[in-house]
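Inside the fold
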Amino acid sequence: MNQAKKEKADQHYELIVENIDLILEFLGVTKKGKSLREEIEEGAKALYDHYHKATGKRKTDWEQVKKEYAKLTKAERERAYLAIEMWAMVNVGKEENFIKKCWTYLRDKNFND
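Residues numbered from 1 in each chain as written. Predicted model: local features only at pLDDT ≥ 70, side-chain atom pairs only at ≥ 80, totals over all residues. Heavy atoms only, no water.

Side note on helix H5 (residues 74–82)
Buried within H5 we find Glu76, Arg77 and Ala80. The buried residues of H5 occupy an angular sector of 100° when the element is viewed end-on, so they sit on one face. Every exposed residue of H5 that faces more than 90 degrees away from the buried side is listed here: Lys74 and Leu82. Residues of H5 that are buried make contact with helix H3 (36–55), helix H4 (62–71), helix H6 (84–91) and helix H7 (102–107). (Buried < 20%, exposed > 50% of the residue type's maximum accessible area, 1.4 Å probe, protein only. Helix = DSSP H or I, 4+ residues; strand = E, 2+ residues; numbered from the N terminus. Arc of directions from axis to C-beta. Contact = heavy atoms within 4.5 Å.)

Next comes the structure, spelled out in structure tokens:
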């Protein structure tokens, strides 16, 4: 390998090392080896279960919950999960028909209330 090619390869290598997190995210792989889709599904499932346990509302619309959960930033996902208990305490006294479904809780970002 001539010197010019070696220098160019070294530059590419350094660029890859500096941006490895972005590259892995683009490829849909996290450092743990899970795909972003798997991480989103696991997080959405945990939130979905927690929401329905806290509100006592019947579980419905799982696909819509995953869709809305995927639209949130990582910080919003954490806030949404942590705010469920407080949000449920305020809203559980209502008739079940007036308690939001999990996906509308996410869509409307009620965790920010």
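Structure's up, so let's keep going.
Quick word on the environment of Leu82
When you line up the elements, Leu82 lands in helix H5. Its relative accessible area of 68% is what places Leu82 among the exposed residues. Expressed as a C-alpha distance, the spacing of Leu82 and Phe111, which sit 29 residues apart in the sequence, is 8.2 Å.

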